[in-house]
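Take a look at the letters that make up each chain.
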Amino acid sequence: MKKIMFFLCFLLCIVNVHAVDFQGQSYIVMESTQHNVLEGKNIHEVQSVASISKIMTAIVAIENGQLDDEYEIGEEVNEAWGSGIYIHIGDRINLRDLLHGLLLRSGNDAANVIAKNVGGSIEHFVEMMNQKAQELHMTDTHFSNPTGLDEEDDGNQSSVYDMALLMSYCSQNPIFNDIVMKETYKREDDGGTWHNKNRLLEEYEYCVGGKTGYTKKAKRTLVTRAIKDDVSLVIVTFNCGNDFEFHQKKYEECFQKYQNVLVLSKGIYQYHGHSFLIDQDLYYCGQESQNVSLQSQGDILKVYVNENPIYEVNQQNALQMIFQYAWMLFGECMNG
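These notes cover the structure that comes with them. None of these values were measured; they are calculated from a predicted model.

1. Comments concerning the pairing of strand 10 (residues 207–215)
- Counting buried residues along strand 10, eight of its nine residues qualify, which places the element largely inside the surrounding structure.
- Counted along the chain from strand 10 to the antiparallel partner strand 11 (residues 219–228), the turn is three residues long.

Below, the structure is given as structure tokens:
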């Protein structure tokens, strides 16, 4: 591997902000684009995560099902207890309604119906959940069911770090985002209107989604996401009694402390005699001076900030690269 280090240092304006105290088991603040951890406590400590595991249930269903697919409710609803959307055997309901019931009302019955119909069986759907966790490098995580219930076993095990990774991934999906940012939803089957249990949507103007959770074993769990000035942050808390208040105050603190800063401008870069086109301005969310480095491995150039990889590009044919860069500049001129 060829390697060269160079440092581009930039100093953000440091604002005196009163640190928000955390009273709970573990928490994390993650920038959702580059997945850099801004703050945290016990970020890899594993425990039952309760209903925030329905975030995984939802994204697996969205990626493997069709929103207009209609399912007939079967015996699987009798295997769910606790929070529900009160569907009954013999009812017919589409996946779109079920996903809203899952994420807004934390319906355990909805989770089981989704799992059975999208996965063919609840057991196979759980396998799909764990496979997705592996794809996302959620190494602290193991799912046992689609609901988050943990009365009969240890439930779904994860860490605040892994759940922040999952929420960051899901935030790239427009269907998921459309659901979790709704304060209310009117069912397409005229079965009524649901109100989102995530109070932060009403209480904090920059919140764009999240998921609540609670069991006696897990205590309170909460995942939320907020965007301000193009900075997208995810906060996850475990066993925090004042979680909604903490999330809001922590967002305000972090939005004052951190911002996206340009670390490399788009353009053609020469590296060890080879040319690479970086076709977008590269930003990184941080507070203090950051170290930017380039590393090459074969025909791949990687950009690191504080040893965290943020971008990689393959070497291209010289003429193709020049044409692509010229076309990019032309497009910018046409757009003003």
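2. Considering the packing of aromatic side chains
- Evaluation of the coordinates by the stated rule reveals eight aromatic pairs.
- Aromatic side chains Tyr204 and Tyr206 sit 5.5 Å apart centroid to centroid with 70 degrees between the ring planes, which places their arrangement in the edge-to-face category.
- Members of the aromatic cluster, each reached through a chain of ring pairs, are Tyr204, Tyr206, Tyr251 and Phe255.

3. Overview of the pattern of salt bridges
- For the coordinates displayed, the defined rule picks out 17 salt bridges.
- In this structure, the salt-bridge partner of Arg96 is Asp68, at a minimum N-O distance of 2.8 Å. You can see Arg96 sitting in helix 2 (residues 95–104) and its partner Asp68 sitting in the loop between helix 1 (54–64) and strand 5 (70–72), a full 28 residues away along the chain.
- Residue classification places Asp68 among the exposed positions, given a relative accessible area of 59%.
- Glu76 is the partner of Lys116 in a salt bridge, and the nearest nitrogen-oxygen pair spans 3.2 Å. Here Glu76 lies in the loop between strand 5 and strand 6 (92–94) and Lys116 lies in helix 3 (residues 108–119), a separation of 40 residues in the sequence.

4. Focus on the packing of helix 1 against helix 3
- Where helix 1 contacts helix 3, the axes come no closer than 10 Å and their chain directions differ by 35 degrees. As helix 1 runs across helix 3, the sense of the crossing is left-handed. Mapping the contact onto sequence places Lys54, Thr57, Ala61 and Asn64 in helix 1 and Asn108, Ala111, Ile114 and Val118 in helix 3.
- In the contact of helix 1 with helix 3, the residues fall into four nonpolar, three polar and one charged.

5. Here's the deal with the side chain of Thr215
- With respect to the helices, strands and loops of the structure, Thr215 is situated in strand 10.
- A polar side-chain atom of Thr215 sits 2.8 Å from a polar atom in the side chain of Asp150.

6. Looking at helix 5 (residues 160–170)
- For helix 5, a buried count of nine out of eleven residues is recorded, marking the element as mostly surrounded by other parts of the structure.
- Buried within helix 5 are the following residues: Val160, Asp162, Met163, Ala164, Leu165, Leu166, Met167, Ser168 and Cys170.

7. Considerations on helix 1
- Of all eleven residues that make up helix 1, nine are buried, and the element is covered over most of its length.
- Taken together, the buried positions of helix 1 are occupied by Lys54, Ile55, Met56, Thr57, Ala58, Ile59, Val60, Ala61 and Ile62.

8. Observations regarding the sheet that holds strand 2 (residues 26–31)
- Pairing is antiparallel across the open sheet formed by five strands, whose spatial order is 3-2-12-11-10. Strand pairing shows two members of the sheet lacking a second neighbour, strand 3 (37–41) and strand 10, which therefore form its edges. Across the sheet, the mean angle from the axis of one strand to that of its neighbour is 5 degrees, orientation sign disregarded.
- One ladder, built from four bridges, connects strand 2 with strand 3; its direction is antiparallel. Considered in strand 3, the bridge of Met30 is made with Val37.

Cut-off values and rules
Residues numbered from 1 in each chain as written. Predicted model: local features only at pLDDT ≥ 70, side-chain atom pairs only at ≥ 80, totals over all residues. Heavy atoms only, no water. Buried < 20%, exposed > 50% of the residue type's maximum accessible area, 1.4 Å probe, protein only. Helix = DSSP H or I, 4+ residues; strand = E, 2+ residues; numbered from the N terminus. Pairing = 2+ DSSP bridges. Phe/Tyr/Trp six-rings, centres within 6.5 Å; stacked < 30°, edge-to-face > 60°. Salt bridge = Lys/Arg side-chain N within 4 Å of Asp/Glu carboxyl O. Axes fitted to C-alpha atoms, helices over the stretch in contact; angles between N-to-C directions. Left-handed = near helix turned anticlockwise from the far one by under 90°. Contact = heavy atoms within 4.5 Å. Nonpolar A, V, L, I, M, F, W, Y, C, P; charged D, E, K, R; others polar. Polar contact = N/O pair within 3.5 Å; in protein donor to acceptor, adjacent residues only side chain to side chain.

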